[in-house]
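Fold and geometry: a report
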Amino acid sequence: MVLDKLGAALSEALRKVTGKGFVDKSVVDEFIRDLQRALLQADVDVKLVFDLSSRIREKVLNEKPSVGLTAKEHMVKTVYDELVNFLGRETGSVELKRQKILLVGLYGSGKSTSAAKLARFFTKKGLKPALVGCDTFRPAAQEQVLQLGRQIGVPSYAQGDDPAKTAAEAIKKFSDREVIIFDSAGRNALDAELAEELKNLRDAIKPDEVFLVIPADIGQVAGKQSEEFAKLVGITGVIVTKMDGTAKGGAALSSCSIVNAPIKFIGVGEKVDEFEQYDPKRFVSRLIGYGDLQSLIEKAEEIKSPELTKSAENMMSGKYSLQDFYEQIESIKKMGPLKQVMQMIPGLKLPDGMADVQEKQMVKWKTAMDSMTAKEKLSPELIEASRIKRIAKGSGLKEDEVKELMKHYDRTKKMMKILGGKNLKRGGFAQLARQFGMRM
Ligand code: GDP
Ligand code: MG
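Below, the structure is looked at part by part. (Residues numbered from 1 in each chain as written. Chains lettered and ligands numbered in written order. Predicted model: local features only at pLDDT ≥ 70, side-chain atom pairs only at ≥ 80, totals over all residues. Heavy atoms only, no water.)

Brief notes about the pattern of salt bridges
Under the counting rule described, the total for this entry stands at 21 salt bridges. Across the pair lysine 224 and glutamate 228 runs a salt bridge, and its minimum N-O distance is 3.3 Å. Residue lysine 224 and its partner glutamate 228 are located together in helix α9 (residues 221-233), separated by 4 residues, close to a single helical turn. Judged by relative accessible area, glutamate 228 falls into the partly exposed class, the value being 32%. In this structure, a network of salt bridges that share partners links the residues Lys16, Glu30, Asp34 and Arg37. (Salt bridge = Lys/Arg side-chain N within 4 Å of Asp/Glu carboxyl O. Helix = DSSP H or I, 4+ residues; strand = E, 2+ residues; numbered from the N terminus. Buried < 20%, exposed > 50% of the residue type's maximum accessible area, 1.4 Å probe, protein only.)

Right under this line is the structure:
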């Protein structure tokens, strides 16, 4: 995966936090050090790393967690929010309208490939694109664009030795096409000649969008280079290519915060379909291996039902009954398949198949409880051997399975008595998670 190492280092750092009993200054400081090291190793600019980490530190230590979140959950959420902010804030949305798009970037950054990928993207969205090769610097470049056009079934034009003239001709020729994508020439550096050429090209095209194409493996020069292009022609969006081929990429990704333009797409392979619209939330979630943390938090908010709050209170005060257990199962089920719910839980790594086993178990227990009377659920101590037999019959389960439920209930209740008061401040979701053997 993209930025594998950074992802692994971040999840490890967060796992350390979730393993701690509570969050205090030393826990936060240790986490910040881990975070900084991970980001620096991923090639993120030093200044950006320190800005980011001091913002996280400040928020974690000084902000009050929002209602329903524990200090730890608040910390994880802050880290997530700040990383999302850092890596783009906005989703890479592109307007599906008539427009002209100019791609700029250095030689080999992936401009021509991205031009074709972009054309393919618009075709899939139902628009009619055209490709224009304005790289008149290298003869093979024009042939490449024409060939890419043929490959994806998109009309293309690449002729002449003056980029601005080529562009002007293409605009006339493609007046019936909705999106015209202009591939420009690159050099090994942004020298005076290229600067002049790109300015003329931009003036001839008057593009609606200018996308900077930047390879993920570019390293620390990303910032400086992005800035130069931005000053020269103005950048409205960034395409980060070759995300499939590097463990770094932090510098390229953070260049969007330097040019102040969102990352629109990422290239994840050489093929025309290996191209994704960039979504910082999804990206960060995948990066730190937390599934979709955002929806976890939203869901945790949703399930703050009165019944659940009551059952959590009962749990803490030792009044925990099977009725409470029943309601907890219902709440978990409301959040979706257990497998997905578990994937959303920070730091939780379960052996394969474990979620399925738990899920089946929950269904069985719920069935068993459906065959109990209300009185039995509220006072489980009433349930002795003959009642177990009856419940098993009524629910179609084996007696052993009902006994297993009773054992689980007893164990949980005992555990809650022991832990009780100490954990009163924990969020409802954490309690719920713990009930099912998850640790948050
Ligand atoms: P240009 O000089 O900027 O036009 O760069 P090209 O589009 O010709 O791409 C240069 C090389 O990078 C080619 O070999 C492409 O196949 C490769 N390339 C472009 N985008 C990606 C990508 O997202 N992933 C990978 N692995 N290779 C890419
Ligand atoms: Mg090219």
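Next comes the rest of the account.
Digging into the site of ligand 1
Around ligand 1, 17 residues are found, and the nearest of them are Gly108, Lys111, Ser112, Thr113 and Asp244. Here threonine 113 contributes a side-chain N or O atom positioned 2.5 Å from an oxygen atom of ligand 1. With respect to ligand 1, the side chain of glutamine 144 contributes an N or O atom lying 3.2 Å from an oxygen atom. For ligand 1, the accessible surface in isolation is 580 Å², of which the surrounding protein chains cover 80%. When each cavity is represented as a set of grid points, ligand 1 is found to reside in the largest pocket. Split by residue class, the shell around ligand 1 holds 3 nonpolar, 9 polar and 5 charged. (Near = heavy atom within 4 Å. Polar contact = N/O pair within 3.5 Å; in protein donor to acceptor, adjacent residues only side chain to side chain. Areas by Shrake-Rupley, 256 points an atom, 1.4 Å probe, with all protein chains shown as cover. 1 Å grid on protein atoms, 1.4 Å probe; cavity = no way out; pocket = protein on both sides within 12 Å on 5 of 7 lines; lining within 4 Å. Sits in = over half its atoms within 2 Å of the grid points. Nonpolar A, V, L, I, M, F, W, Y, C, P; charged D, E, K, R; others polar.)

What about helix α3 (residues 46-62)?
Taking 1.5 Å per residue as the helical rise, α3 with its 17 residues ought to reach 24 Å, and the 24 Å between its terminal C-alpha atoms agrees with that figure. For α3, the full list of buried residues reads Leu48, Val49, Leu52, Ser53, Ile56 and Val60. Projection of α3 onto a plane perpendicular to its axis shows the buried side chains occupying an angular sector of 120°, all on one side. In α3, those exposed residues whose orientation departs by more than 90 degrees from the buried face are Lys47 and Asn62. Measuring from the side-chain oxygen of the N-cap residue of α3 to the backbone nitrogen of lysine 47 gives 3.1 Å; that N-cap residue is aspartate 45. (Expected span 1.5 Å × (residues − 1). Arc of directions from axis to C-beta.)

Section: unusual backbone geometry
At lysine 206, a residue that is not glycine, the phi angle is positive and equals roughly 50°. Counting through the fold element by element, lysine 206 comes out in the loop between α8 (192-205) and β5 (209-215). The exposure class assigned to lysine 206 is exposed, which follows from its relative accessible area of 60%. For lysine 242, which is not glycine, the phi dihedral falls at a positive 60°. Summarising the element assignment, lysine 242 is placed in the loop between β6 (237-241) and α10 (250-259).

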